[in-house]
Amino acid sequence: MLRLPLKPYRLLLSKPCHSSSTPQEPVKLLKLSADTKNLKNGKIIHAHLIITNKTTENNITEINSLVNLYAKCDEILIARQLFDKMPHRNVVSWSSLMAGYLHNGGSLEVIRLFKDMISQNNVALNEYIFATVLASCSDSGRVEEGVQCHCFALKSGLVLHQYVNNALIHMYSKCLSVKEAVCICDSMPTTDIFAYNSILTGLVENGHVIEGVKVLTKMAAENVKWDVVTYVNVFGLCGSVKYLPLGLQVHGKMLMSNVKCDAYVNSSIINMYGRCGDAKNARKVFHRLQNRSVVLWTAMISAYFQNGCLEEALSLFAKMKLEDVIPNEITFAVLLDASAGLSALRLGRLLHASVEKSGFTDHVIVGNALTKMYAKGGIIESADKIFEKMRYRDVISWNVMICGYSHHGFANDALHVFKEMLAAQEIPNYVTFVGVLSACSHLGMVQEGLYYLNCIMKQIGIEPGLEHYTCIISLLSKAGRLEDALNFMSSIPVKLDVVAWRTLLNACHVHQNHDLGKHVAEQILQMDFNDAGTYTLLSNMYAKAKKWDGVVEMRKLMREKNIKKEPGVSWIEIRNATHVFISEDIKHPEYSQIYEKIKELLAMIKPLGYAPNISWVVHDVEDEQKEDYLSFHSEKLAVAYGLMRMPLGSPIIVIKNLRICEDCHMAVKLISKVTNRKITVRDANRFHHFQNGLCSCADYW
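Since this is a predicted model, take the numbers as computed values, not measurements.

> For this particular structure, what's the right way to read the pairing of strand β3 (residues 652–656)?
Consecutive residues of a regular strand have side chains that alternate between opposite faces of the sheet. Taking burial as the measure, the 5 residues of β3 include 4 buried ones, the bulk of the element. Across 3 bridges, the pairing between strand β1 (residues 569–574) and β3 is antiparallel. Following the sheet pairing, Ile 572 is matched in β3 by Val 654. Relative to strand β4 (residues 679–682), β3 runs parallel, the two sharing 4 bridges. Each residue of the ladder has a partner; that of Val 654, found in β4, is Val 681.

Right, dumping it as structure tokens:
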């Protein structure tokens, strides 16, 4: 913490209680404490004012200074208590508290305060109030409230102020109202660099890369002089489009300019190279810097993770701590997101412990990353605990839980969280409805899913996209309404990808509609003639129908086109080590013991009704040999090894690269019953939680 010189405080405290210090002294010192975030010294001044009875109800300036102090020092609850006790407030009172809530992730509370403020009709609004409220609308995605704030700014005449204009452009850009942002930009008397920066920030943050490139082209045509913020935005745009040549040109332009390269510019350059797949250049920029702040370390760690350099990233994190650079909330968010992507639960738990020690648990970005890490790592209960403890939530927080519950097969819980989200007046966005419609698909809720798509999304103003339509295709397909799914696909206004068609093809396989399946496969192969998954599914369909000529034909085509079926791979993490298994694997040093364990488990579950589902075997061989093929699928090997090596009673988490087959699904269900273990399998589509002979998917996947 930056410490203030003690002399001014000693001068204040050395005065006797009856002496009269000038009214400006405490205010100046409180401002100094707030600006440097020195809470300790600020509290000393607060105590002095209480002792000397200086903080009276009518001393609005000093109370405003205290509200500002506690708000800036992340003690927002104390700031609110002081604010609520004020009999009289001015614009500074409201502005200080609103800024504090915005800084602490309380965007919704800022909007509520603004509504209370304007209802009193006795507070003069200023440009800082509007900038804060519009920023809160941006952060929370509340474009409707942002439009209302825009109207108030027009009535007050403050819409012409540069701060307000830039905040409006940023709000509309970030809230996906790109046309409104561009209209504001075009109606301004002169489009300065601040306006361009605002609109670029909004476009880049929301992935509007095409519009961002257009704005960049317009800036170049008008020969507008770039500043530091411009370079940060343009590097972000280059990273978003992942176009390295453009990034190299912008980097060269910056080096020839007189722009001062601070930590944020250099971190944006490192991020750009990382996102463009050039970790080597990112490392060069990082190592050339002498004074490396936490921002730069975090950017380099992120660049390593983005390029699959896990060991280098973790090594850099360790080196960062050795050089006494303290990680911040962004550092932990990056590391936790990487752990989630890698399904590295052990690393995630270690990071969680570090987060607790460092005191970053109340930061929204860290809470979101922790929730995502546990949800993707297979422990949805821990994700829920983190979510429930969060002091502040944004739309990402809700989306992580909704999509997390849906991905885990707990669709009712996902829809319950969605209803809580609406009750909390958080506005859903595009991603929210991907989770909601996916939950409807898992439960077979056809009417509800169509209602959310056709009614609720339209009411909120969200245009359905490919992901939403794919969820509806999955919903209809799983419900056995294959013709309805096909008709739906021909009626929607977006071009479907291979994933959507393969969803229907898989349903044709499950519901044994071979004629439609062949037609769907032809559609997929027209889009991608080398799609291995389609050949595999067709081969499985023929095998299930015992049409061995069809199986032979598919194999012949795959050989001719050199298309190889992706092997089933499963892995399990045990005591700091990850064990990887391939179907019929004999490379593991303990494979013979694992095979014996599988035979033992299968013998235990056969009296419970288990019979190998040999229809999944695509080989025209004897039934006994087919049973052997099924017995040693990769997920069975991983589950068996987990039972051998994990402590008695501890849960087992297995990850698989492909969809779990029906035979393994049935087997693992019964294994969970006879071993009294909770077994979680994350396949290519979702999580399956097996316990006491049941699965969270209710056999509907």
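> Got a minute to help me understand the pattern of salt bridges in this structure?
Pairing is possible between side chains of opposite charge, provided their charged atoms come close. For the structure shown, the criterion picks out 19 salt bridges. A salt bridge links Asp 84 to Arg 80, with the nearest nitrogen and oxygen atoms 3.0 Å apart. Of this pair, Asp 84 and Arg 80 both sit in helix α5 (residues 76–84), 4 residues apart, which is roughly one turn of the helix. You can call Asp 84 partly exposed: its relative accessible area is 45%. Note that Lys 636 is salt-bridged to Asp 663, the shortest N-O span being 2.8 Å. Linking Lys 636 in helix α36 (residues 634–645) with Asp 663 in helix α37 (residues 662–675), this pair joins segments that are 27 residues apart in sequence. Members of the salt-bridge network, linked through shared partners, are Arg 80, Asp 84, Glu 109 and Arg 112.

> Honestly, the nonpolar core in this entry has me stumped. Any pointers?
Side chains of nonpolar character tend, in soluble globular proteins, to be buried together. By size, the foremost hydrophobic cluster in this structure holds 176 residues, and its most contacted members are Met 98, Ile 270, Ile 301 and Tyr 452. Among the elements that line this core, the one with the most residues is helix α18 (residues 294–306), at 10 residues. The next biggest cluster of nonpolar side chains, apart from the first, holds 33 residues, and it includes Tyr 610, Leu 643, Cys 661 and Cys 664.

> For this particular structure, what's the right way to read a nonpolar patch on the surface?
Judged by side-chain polarity, Val 213, Val 241 and Tyr 243 come together as a nonpolar surface patch covering roughly 240 Å² of accessible area. Examined against the element boundaries, Val 241 turns out to sit in helix α14 (residues 228–241).

Quick notes on the rules
- Residues numbered from 1 in each chain as written.
- Predicted model: local features only at pLDDT ≥ 70, side-chain atom pairs only at ≥ 80, totals over all residues.
- Heavy atoms only, no water.
- Buried < 20%, exposed > 50% of the residue type's maximum accessible area, 1.4 Å probe, protein only.
- Helix = DSSP H or I, 4+ residues; strand = E, 2+ residues; numbered from the N terminus.
- Pairing = 2+ DSSP bridges.
- Salt bridge = Lys/Arg side-chain N within 4 Å of Asp/Glu carboxyl O.
- Core = buried A, V, L, I, M, F, W, Y, C linked by side-chain atoms within 4.5 Å.
- Patch = residues over 30% accessible without salt bridge, like charges linked within 9 Å, V, L, I, M, F, W, Y side chains within 5 Å.
- Areas by Shrake-Rupley, 256 points an atom, 1.4 Å probe, with all protein chains shown as cover.

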